Each structure stands twice: as C-alpha cells, then as structure tokens.
Amino acid sequence: MALVTGARTGLGQGMALALARAGADVAALGSSAMSETAGAIRQVGRRFHALEVDLLKKFDAKGVVSTVVSQLGGVDILVNNAGIIRRADLLDYSEDDWDDVIDVNLKSAFLLSQAAARHMVETKRPGRIINVASMLSYQGGIRVPAYTASKHGIAGLTKAMANELAPHGITVNAIAPGYMATDNTEALRNDPNRNAQISARIPMGRWGTPDDLATSVLFLASSASSYITGITVPVDGGWLIR
C-alpha cells in the first residue's frame, strides 16, 4: 500500500500509476479532486483512495495516515512529492511566499514521514519513504530562494531520517528529477530564452516526463533496494554532469 502526495497530475500522478502497475494499492493526497488519477489506477485493477488535503493549511498528518490504514490496510510506501514554487527576485521575495513554499515542500514531508514511520515501526513493516528532491537540492537557482532552501532541506531530511529509521528496517531515499515537463516548469518552458538555455545543457537533449521516474521509484520502493538508504538519485538526463 502506497501513499503518494501531489498525485493529481505530473510527477506524482506518474509515480502513483507506476506503483499501481507494479501491484500497489494507492492512496493519493492532493488539494483538489483527482478523478484522472483515480481512473488510471482503477483501470489497472488496484484500489484507490483520494484524500483532499490542503498542505498550505494546518493539517493532521497522523489523521491522514490513519485514514489510509483504515481504507487500504496499511502504509508500506510513502512518496513525498507535493510541492509548490513561487518566483520573485530575492530583494522582493515575500515572507508569505517563503512560508508557503517551506510549509508545503519541507514541513509537510517531515510531518507525513513522521506519522508514516510511527505506523511502520508499530506494525513492524519494512517501510519505504521516498522524497522528491530537485536539481536545486544541488544548485542555487534563480529567483526561487524558498524552493531552493526547501529542496536542500529535503536532501538533508532524507539523510537524517535514514539514520534513525534504518534500525527498524525502514529506508529513506530521495529522487532528484531534472527539468521535467510539468505544471511547475510551465513558466520556464514558455520563456524562449530559458527554455533554450536549459535544453542546451541537458545531454539527452529533452525535458523529462513523469514516465522517466518510474524505474527509480519502483526500485526504491522494492525489496531490491533494502540495503540502500539516505541517498538522493538524480534522474536528470545528464544535467549535473554537463
């Protein structure tokens, strides 16, 4: 049983569907209805449960996990994918934008991981927690200070949680997608200059798609990765080596 946040569209939807195709029942958390995700997962014969939770507001992480347990029977895999981005020059960046991005991208991942890990420890499940990092877990970016801070935080949180949860048989790893064609990057893709700059630096010559994360999430969610923890895996078309 898997809980995937931010699964209405894009990368979260793609990872949720990949897990379902591999045999997992899926609970998906999002701020609005996820009919497309629900239909795709049910079409492959897996159970699906939607949780409409606005991570911009105070939420009950323990209650989220309890709901998934009651609906699907447990939580074996947690994918912390939900994220937002707010763009502005550093000197103009607002405190509200900073707080919103940190709350959704980093704080919610910590709270949900903590709640899911408690369940895994109590039920003696060899759980898997998979966080979604970013190329900006390695770099500074432009006009996205809160997003960069949150994704550096995800990389550090992954290591910290991995250290404490390893004795319980729970692994914690992260995936760092490269430049992906999703809602979050629409502004970049619509900017001819930035689009050209980014595309020219990707050795594989294209933006990534949600399908490009399937192998990584399935590996990190499976028993094949049981001796791997605390790492961040770039899935970036070669961006970091250029």
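Residues numbered from 1 in each chain as written. Predicted model: local features only at pLDDT ≥ 70, side-chain atom pairs only at ≥ 80, totals over all residues. Heavy atoms only, no water.

Per an unreviewed UniProt entry, the recorded name for the protein chain is 2-deoxy-D-gluconate 3-dehydrogenase, and the organism is Aminobacter aminovorans. What the UniProt record of the protein chain gives under Sequence similarities (unreviewed entry) is the line "Belongs to the short-chain dehydrogenases/reductases (SDR) family." (UniProt positions renumbered as here; feature names shortened; annotations may be inferred.)

Of note in this structure, Lys124 is not a glycine but carries a positive phi near 55 degrees. Along the chain, Lys124 turns up in the loop between α4 (95-122) and β5 (128-132). Phi angles above zero are rare outside glycine, and Arg143 is one such case at about 65 degrees. Within the element layout of this structure, Arg143 appears in the loop between β5 and α5 (145-165). (Helix = DSSP H or I, 4+ residues; strand = E, 2+ residues; numbered from the N terminus.)

Before going further, it helps to spend a moment on the sheet that holds strand β2 (residues 26-30). Pairing within the open sheet is parallel, and its seven strands lie in the order β3-β2-β1-β4-β5-β6-β7. Of all strands in the sheet, those bounded by a partner on one side alone are β3 (48-52) and β7 (232-235). When strand polarity is set aside, the average angle formed by the axes of neighbouring strands in this sheet is 15 degrees. With three bridges connecting them, strand β1 (residues 2-5) and strand β4 (residues 77-80) associate as parallel partners. By the bridge assignment for β4, Leu3 is matched with Leu78. Relative to the sheet, helix α3 (residues 61-72) contacts β1, β2 and β3, its axis offset from that of β3 by approximately 160 degrees. (Pairing = 2+ DSSP bridges. Axes fitted to C-alpha atoms, helices over the stretch in contact; angles between N-to-C directions. Contact = heavy atoms within 4.5 Å.)

In this section: the packing of aromatic side chains. One pass over the full model with this rule turns up two aromatic pairs. Ring geometry for Tyr179 against Trp207: centres 5.7 Å apart, planes inclined by 85 degrees, an arrangement best described as edge-to-face. One end of the pair, Tyr179, is in the loop between β6 (171-177) and α6 (186-190); the other, Trp207, is in the loop between α7 (192-201) and α8 (214-221), and 28 residues separate them in sequence. One exposure class covers both Tyr179 and Trp207, and it is buried. Look at Tyr179 and Trp239: their rings are 4.6 Å apart centre to centre, the planes differ by 55 degrees, and that puts the pair in the tilted class. Placement of the pair is Tyr179 in the loop between β6 and α6 and Trp239 in the segment after β7, with a sequence separation of 60 residues. We note that Tyr179, like Trp239, is buried. The ring centre of Trp239 lies 4.1 Å from the NZ or CZ of Arg201, which sits over that ring. (Phe/Tyr/Trp six-rings, centres within 6.5 Å; stacked < 30°, edge-to-face > 60°. Buried < 20%, exposed > 50% of the residue type's maximum accessible area, 1.4 Å probe, protein only. Lys NZ or Arg CZ within 6 Å of the ring centre and 35° of its normal.)

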